[in-house]
Amino acid sequence: MRFHWFLPTSGDGRAITGGGHGLRRGHGQSPAAAFRPPTIDYLAQVARAAEQAGFEAVLTPTGTYCEDAWLVTAALTQVTTRLKFLVAFRPGVLSPTLAAQMAATYQRLSGGRLLLNVVTGGEAAEQRRFGDHLGKDERYARTAEFLSIVRGAWDGPFDFRGNYYEVEGATVAERPDPVPELYFGGSSAAAGPVAARHVDVYLTWGEPPSQVAAKLDWMRELAAAEGRTLRFGIRLHVITRDTSKEAWAEAGRLLDQISPEDIASARAVLARSESVGQQRMLALHEGFQGSRDGNLNGGRNGSRVRDLEIHPGVWAGVGLVRGGAGTALVGSHAEVADLVEEYASLGVEEFVLSGYPHLEEAFWFGEGVLPELRRRGLLGAGDPVRLSA
């Protein structure tokens, strides 16, 4: 198994922020909360922290309110040595042959540290900003053609004629070594077959284990019909501390910074999403409004924070004001390790994690949970980022 962290290219801080995930930058962040701009110096600190803490790669998002993933991560390869970069990109906004060339160049310049996260796009307004006016199902159909050309160009010359692309002799100067692994997420009927046919790792957001199990079974059947097998990953936030009490207190602190007005405003934005995965995230905290006096955490006793616990140790509070992945693993290091094992038992092999702030939380997980997994004999002493089979 592999552990990855998140690179906050829309900014960071000690509050839940939504920039780059369907919401305006800083939406849901209390005015008193310090905001850390996504400068190259700060992002370099996060990347080096992830590398030192034992993560294999960092996921870099894509969108209007994020810095460009290709440019930022290319710069960060110069201040890291081992860390890989899971670069998110949108197939509809660049040529597939150009994407193949960019990836091949990146691999040579970085020493083989590129992974690719394919983001078809679930927000019509966001797509239109980039000149993409196709409907959702068509976007997935186009993604399938795009990925066929990318893989073909790596082994080119490659000819292709489809509904969305037509290329002749697509190729790159030199085949990337290694060929970048393709990551992909999507919960709709249109998304599943694309993943089954084209990608290496299927990603899901952090739903309760029973829902994740059903989704993975669905994808296994689709992949088997294509004569393929997939690896599975999960995107989660983490709040891990020396004790469970401390971890839930931190979740309560994050919750206290969100007002009922923030929740209502965020839900209005996120409810318009075309993404099936986003609607599944919203359903996890349907009806939650906080206490009548506006204090979501219910004061010092933390009664309200546990109302968002959708499975023991799985907390849906992040998704109140953040688009995309909206759940967190909360607990002591041992309790979070238990949850890692629970998802692993379903077939999840890769964990893409984040926290607020990303700099400090990388160390909490790397210095708390990874050693716990090692003590249990699940994490090899010689490799801090891979669990044994």
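The rules behind the values
Each chain carries its own residue numbering, running from 1 in the written order of its sequence. In keeping with the predicted nature of the model, local features appear solely for residues at pLDDT of at least 70, side-chain atom pairs appear and are counted solely at 80 or more, and the whole-chain, interface and lining totals rest on all residues. Heavy atoms throughout the structure, all of them, feed into the side-chain values; hydrogens and water do not. Per the convention used, a helix needs a DSSP run of H or I reaching at least four residues, while a strand needs a run of E reaching at least two, with both numbered from the N terminus. Between buried and exposed lies partly exposed: a residue is buried under 20% and exposed over 50% of the maximum accessible area for its type, with that area taken using a 1.4 Å probe on protein chains only. We call two residues in contact when some of their heavy atoms are within 4.5 Å. Using the Shrake-Rupley algorithm and a 1.4 Å probe, accessible areas are obtained, with residue cover drawn only from the displayed protein chains. Only the stretch in contact is used when fitting a helix axis, every axis being a line fitted to C-alpha atoms; angles between N-to-C directions are given from 0 to 180 degrees. For this classification, under 35 degrees means roughly parallel, over 145 means roughly antiparallel, 65 to 115 means roughly perpendicular, and everything else is oblique. Three classes are used: nonpolar for Ala, Val, Leu, Ile, Met, Phe, Trp, Tyr, Cys and Pro, charged for Asp, Glu, Lys and Arg, and polar for all others, with Gly counted as polar. Every residue carries a pLDDT, the predictor's confidence in it, which falls somewhere between 0 and 100. When the centres of two rings from Phe, Tyr and Trp lie within 6.5 Å, Trp using its six-membered ring, the rings pair. Their planes under 30 degrees apart give stacked, over 60 give edge-to-face, and anything left gives tilted. In this scheme, the term charge over a ring applies when either NZ of a lysine or CZ of an arginine sits within 6 Å of the ring centre and within 35 degrees of the ring normal. In what follows, salt bridge is the name for a side-chain nitrogen of Lys or Arg lying within 4 Å of a carboxyl oxygen of Asp or Glu. Pairing between two strands is assigned when DSSP locates at least 2 bridges connecting them. Orient the strands so they point away from the viewer, and a crossover whose first-strand-to-second-strand path over the helix runs clockwise is right-handed. Given the number of residues in a helix, its expected span is that number minus one, multiplied by 1.5 Å. Residues counted as positive are Lys and Arg, residues counted as negative are Asp and Glu, and His and the chain ends are not counted. Pairs of N or O atoms are called polar contacts if they sit within 3.5 Å, as long as, within protein, a hydrogen donor faces a hydrogen acceptor (for residues adjacent in sequence, only side-chain-to-side-chain pairs).

Trainee: Can you walk me through the overall build of the protein in this structure?
Mentor: What the protein contains, in helices and strands, is 12 helices and 15 strands. Here the protein holds 389 residues, and the buried ones make up 57% of them. Within the protein, counting contacts between residues at least 6 apart in sequence, those at least 24 apart form 73% of the total. For the protein, the exposed area adds up to about 15,300 Å²; of that, 51% sits on carbon and sulfur atoms.

Trainee: Which parts of the structure should I look at to understand the packing of helix α2 (residues 69–76) against helix α3 (residues 96–110)?
Mentor: In a pair of packed helices, the angle between the axes and the distance between the axes together describe the arrangement. Where α2 contacts α3, the two axes come as close as 11 Å, and the packing angle between them is 10 degrees. On the basis of their axis angle, the class for α2 and α3 is roughly parallel. Of α3, the residues touching α2 (which contributes W70, T73 and A74) are M102, A103 and Y106. For the contact of α2 with α3, the residue count by class is 5 nonpolar, 1 polar and no charged.

Trainee: I would appreciate a short explanation of the confidence of the model for the protein in the present structure.
Mentor: As a note on interpretation, predicted positions should not be read in detail where pLDDT is low. Here the protein averages 89 in pLDDT, and 89% of its residues register 70 or above. With pLDDT under 50 throughout, residues 291–295 is counted as low confidence; its partners more than four residues away or in other chains account for 5 contacts. This model gives residues 384–389 a pLDDT under 50, and the stretch forms 25 contacts once residues within four places in sequence are excluded.

Trainee: Would you explain the packing of aromatic side chains in this entry?
Mentor: By convention here, two paired aromatic rings are described through the distance between centres and the angle between planes. Per the counting criterion, the structure on display carries 11 aromatic pairs. Ring geometry for Y202 and F232: centres 6.4 Å apart, planes at 80 degrees, overall edge-to-face. One end of the pair, Y202, is in strand β10 (residues 201–205); the other, F232, is in strand β11 (residues 231–241), with 30 residues separating them in the sequence. Both residues of the pair, Y202 and F232, belong to the buried class. What links up through ring pairs into an aromatic cluster is the set F3, W5, F55, F351 and F365. The side chain of R306 reaches across the aromatic face of W248, ending 4.0 Å from its centre. Seen from the ring of F6, R322 lies directly overhead, with NZ or CZ sitting 5.9 Å from the centre.

Trainee: Would you take a moment to explain the pattern of salt bridges for this structure?
Mentor: When their charged atoms lie close together, side chains carrying opposite charge are able to pair. Under the definition given, this model contains 24 salt bridges. Put simply, D200 and R151 hold a salt bridge, and the shortest N to O gap is 3.3 Å. Of this pair, D200 sits in the loop between α6 (191–198) and β10 while R151 sits in helix α5 (residues 136–154), and the two are 49 residues apart along the sequence. In this structure, D155 engages R175 in a salt bridge whose closest nitrogen and oxygen atoms are separated by 2.4 Å. Here D155, found in the loop between α5 and β7 (158–161), pairs with R175, found in the loop between β8 (166–170) and β9 (182–185); they are 20 residues apart in sequence, far enough to count as distant. Among the ionic contacts, a cluster of salt bridges with common partners joins R2, E56, K84, E181, R231 and E350.

Trainee: Teacher, can you tell me more about the pairing of strand β4 (residues 57–60) here?
Mentor: Looking down a regular strand, the side chains alternate between one sheet face and the other. Both faces of β4 are covered, namely the face carrying A57 and L59 and the face carrying V58 and T60. Both strand β1 (residues 2–6) and β4 contribute to a ladder of 3 bridges, which runs parallel. Residue pairing across strands places W5 opposite V58, the latter belonging to β4. As paired strands, β4 and strand β5 (residues 84–89) are joined by 4 bridges and run parallel to one another. Each residue of the ladder has a partner; that of T60, found in β5, is V87. Following the backbone out of β4, through α2 and into the adjacent parallel β5, one traces a crossover that is right-handed.

Trainee: When you look at the pairing of strand β6 (residues 114–118) in this model, what are you seeing that I'm missing?
Mentor: Buried residues dominate β6, accounting for 5 of its 5 residues. Of the two faces of β6, both are covered, the one formed by L114, L116 and V118 as well as the one formed by L115 and N117. Pairing of β5 with β6, which is carried by 5 bridges, proceeds in the parallel orientation. Along β6, the bridge assignment pairs F89 with V118. What joins β5 to β6 is α3, and the crossover it makes is right-handed. Where β6 lies against β9, 3 bridges are found, and the strand directions are parallel. Bridge pairing links L116 to L182 in β9.

Trainee: Teacher, can you tell me more about helix α12 (residues 358–375) here?
Mentor: Owing to its 3.6 residues per turn, the α-helix brings residues three or four apart onto one side. Helix length check: α12, at 18 residues, gives a terminal C-alpha distance of 25 Å against a target of 26 Å (1.5 Å per residue), a fit within 8%. Along α12, the positions that sit buried rather than exposed are H358, L359, E361, A362, F365, G366, G368, V369, L370, P371, E372 and L373. The positive-phi residue at the C-terminal boundary of α12 is G377, with phi of around 80 degrees.

Trainee: Whenever I open this one, the side chain of R113 confuses me. Can you help?
Mentor: Secondary-structure assignment places R113 in the loop between α3 and β6. Buried charge without a partner: R113 forms no salt bridge, and the closest opposite charge is E51, 4.7 Å away. Within polar-contact distance, the side chain of R113 engages the backbone oxygen of L83 at 2.9 Å. Apart from residues no more than four positions distant in its own chain, R113 is found in contact with T77, T80, T81, R82, L83, K84, F85 and Q107.

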